[in-house]
Amino acid sequence: MSADLEKPHVLIVGGGLGGLMLGALLEKAAVPYLIFERATTVKPLGSALSFGSQLLPLFEQLGIKDTLIAQGKRANTSRAITEAGETILTMDYSTMEEFGGYSKYVVSRPLLYNVLLSLVPPEKILFGKRVLNISEDKEKVTVQTADNSEYTGDILVGADGAYSAVRQRLYERLKQEGSLPSSDQEDLPFSCTCLVGQTDPLDPEEFPELKDPDCHFVGTLGNDRPYTWTLFSTASFSVCWMVMHHLDSVSTKLAHEQRFRQSENSEWGSYAAQTMCDETRDFPIPFGKEKMTLGDLYDRTPKDLISKVMLEEKVFKTWHHGRTVLIGDGAIAAMQDALALANLMYALPNNSSTEIEKTFKEYQEERYDPAVAAFKSSQMLSKVMDRGIEGKIAVLVSQNMPVFLWKKFVRKLVLNRPQATFLPPAVDRGTAPPNMSPSSEKARLVFERRASAATTAGSATV
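All values derive from a computational prediction rather than experimental measurement.

Enquirer: When you look at the nonpolar core in this model, what are you seeing that I'm missing?
Expert: Phe59 and Val157 are the most contacted members of the largest nonpolar core, which totals 59 residues. The greatest single-element share of this core, amounting to 11 residues, is contributed by helix H11 (residues 331-346). Valine 157 has contacts with Val10, Leu11, Ile12, Val13, Leu22, Val325, Ile327, Leu341 and Met345, leaving out every residue within four places of it along the chain.

Enquirer: How should I be thinking about empty space enclosed by the protein in this particular structure?
Expert: Any space left empty among the atoms is revealed by the rolling of a water-sized probe across them. A full pass over the atoms with the stated rule returns one cavity of 30 Å³ or more. In this model, the largest cavity occupies a volume close to 40 Å³. The class makeup of the residues in the lining of the largest cavity is two nonpolar, four polar and four charged.

Enquirer: Got a minute to help me understand the pattern of salt bridges in this structure?
Expert: Side chains that differ in charge, positive against negative, can pair when their charged atoms come close. Counted under the stated rule, the structure contains 17 salt bridges. Between lysine 140 and aspartate 154 there is a salt bridge, with the nearest N and O atoms lying 2.8 Å from each other. You can see lysine 140 sitting in the loop between strand E9 (131-136) and strand E10 (141-145) and its partner aspartate 154 sitting in the loop between strand E11 (150-153) and strand E12 (155-158), a full 14 residues away along the chain. Linking aspartate 428 and arginine 417 is a salt bridge whose minimum nitrogen-to-oxygen distance equals 2.8 Å. Of the two residues, aspartate 428 is situated in the loop between helix H14 (403-413) and helix H15 (438-461) and arginine 417 in the loop between H14 and H15; the sequence distance between them amounts to 11 residues. The class of aspartate 428 is partly exposed, set by a relative accessible area of 36%. Taken together, the salt bridges that share partners define one network made up of Glu206, Asp296 and Arg300.

Enquirer: Looking at this structure, I do not really get the sheet that holds strand E13 (residues 192-198). What am I missing?
Expert: Whenever strands of a sheet pair, they do so through backbone hydrogen bonds, lying parallel or antiparallel. Pairing in this open sheet of seven strands is mixed, and the strands run E6-E5-E14-E15-E16-E13-E19 from one edge to the other. Sheet topology places strand E6 (87-92) and strand E19 (307-310) at the edges, where each strand pairs with a single neighbour. Adjacent strand axes in the sheet meet at a mean angle of 20°, parallel and antiparallel pairs treated alike. Examined bridge by bridge, strand E5 (residues 77-82) and E6 share five bridges and lie antiparallel to one another. Within the sheet, the bridge partner assigned to threonine 77 lies in E6 and is aspartate 92.

Enquirer: It is not clear to me how the pairing of E13 should be interpreted in this structure. Could you clarify?
Expert: Within a regular beta strand, the side chains point alternately toward one face of the sheet and then the other, so they alternate between its two faces. Of all seven residues making up E13, seven are buried, and the element is well covered by its neighbours. Side-chain alternation along E13 places Cys192, Cys194, Val196 and Gln198 on one buried face and Thr193, Leu195 and Gly197 on a second face that is also buried. In this structure, E13 lies alongside strand E16 (residues 239-246), joined through seven bridges in antiparallel fashion. Counted as the bridge partner of glycine 197 is tryptophan 241 from E16. Judged from the four bridges that link them, E13 and E19 form a sheet pairing that is antiparallel. By the bridge assignment for E19, valine 196 is matched with serine 307.

Enquirer: Help me understand the environment of aspartate 224 in this model?
Expert: Relative to the assigned elements, aspartate 224 resides in the loop between strand E14 (217-221) and strand E15 (227-233). Aspartate 224 sits 160 residues away from isoleucine 64 along the chain, and the two C-alpha atoms are 43 Å apart.

Enquirer: In this structure, what is going on with unusual backbone geometry? I would like to understand it.
Expert: Glycine aside, residues mostly have negative phi, and peptide bonds are mostly found in the trans state. The residue asparagine 148 is not glycine, and still its phi comes out positive at about 70°. Its location among the elements puts asparagine 148 in the loop between E10 and E11. Judged by its relative accessible area of 62%, asparagine 148 is exposed. Phi at phenylalanine 237 takes a positive value of approximately 65°, unusual for a residue other than glycine. Checked against the element boundaries, phenylalanine 237 lands in the loop between E15 and E16. For phenylalanine 237, a relative accessible area of 36% corresponds to the partly exposed category.

Criteria and cut-off values
- Residues numbered from 1 in each chain as written.
- Predicted model: local features only at pLDDT ≥ 70, side-chain atom pairs only at ≥ 80, totals over all residues.
- Heavy atoms only, no water.
- Core = buried A, V, L, I, M, F, W, Y, C linked by side-chain atoms within 4.5 Å.
- Buried < 20%, exposed > 50% of the residue type's maximum accessible area, 1.4 Å probe, protein only.
- Helix = DSSP H or I, 4+ residues; strand = E, 2+ residues; numbered from the N terminus.
- Contact = heavy atoms within 4.5 Å.
- 1 Å grid on protein atoms, 1.4 Å probe; cavity = no way out; pocket = protein on both sides within 12 Å on 5 of 7 lines; lining within 4 Å.
- Points joined across faces, edges and corners; volume = space filled by probe spheres on them.
- Nonpolar A, V, L, I, M, F, W, Y, C, P; charged D, E, K, R; others polar.
- Salt bridge = Lys/Arg side-chain N within 4 Å of Asp/Glu carboxyl O.
- Pairing = 2+ DSSP bridges.
- Axes fitted to C-alpha atoms, helices over the stretch in contact; angles between N-to-C directions.

Here it is as structure tokens:
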């Protein structure tokens, strides 16, 4: 095998959306990999995800776009309302299709998870594998799991969430060496906890909003309580829901964080989830023929599919070291990180430490600014939702924004629509030319060179 075709063996810790996306892409690229997931079984937790042209071209390349669109709902508008149902703000994303080639869609997170899982051969994802130790030298990286198994590869990817075991082990090593930035040594902050779930299929006569072919995407801002709750109607006649508790004091944040650190996963147990359900079940909702509350949705949601989670609120400065690299925690960002890594891994000329570290540096240089931008956007959204002074200003500005400025903002949102350039390209349908990411361009050049070499070799044997 030539050095140009030497492929790395990739160990992926974490079988969430980011880990599955990376596995699905490496499967297409014929790059060997193995996914380690600490959970023993697949549990379809979560609420809903919205996405558009930033991911749909990639979904088309993977052959799952039509499935997701058929089982999702178009979501060109979203509303923020008061508890009384008064509209505070309407966001119109209809021009996304013109600029980016695709409308915005909402699907349930469990649906997307199951679709991505179907792209990964069962033997390449190991459940019940909790990583305990990581060791590395210039040639290989090795992980040891709680069942005393060991696995060795060329690259280790931490795709295991906000309190990543891979990140913790990596940072411990760097801290001992005195090379971990002080900001990365600080506790991971968060300012809200989140309760999520999805109801069983509901009766459209009882919930008329489900009859609408488009998604009802509505967020309610609590009047005099630090909560916001968002509902999404789905194509399966269910309602995905998310309730956010905005923590308002340092002591409360620290208490919640301590409780979180004591849990086994990136979620609390069933008792904490039930407690939050009890605290919020009388909150009014804008769904249903009769006057209804969140409790009506909780009662129609399987109890084992309700979870309480925390939301990561930090952009770390250290994304990689040696043969280890990390991807983000947010669903959309994690899948985009996975795409950038897959393109770069496909283009790796060899598995030397020098080339791998160079690749990881290119990855962080490409993805760091988008991560910061997404973080700032999330912070502003949180401020809007918790009714702070900055949020009120943001709402006022949005309510009075000229149409041409809003269209300019939406156009900017759809410029980044990267593809896996080692696969047949999805036809670009947008009127706004897409940005070409460095990782996509690098993989494209390698793909074309390899294709040309294969054609030449085939001609020589005829």
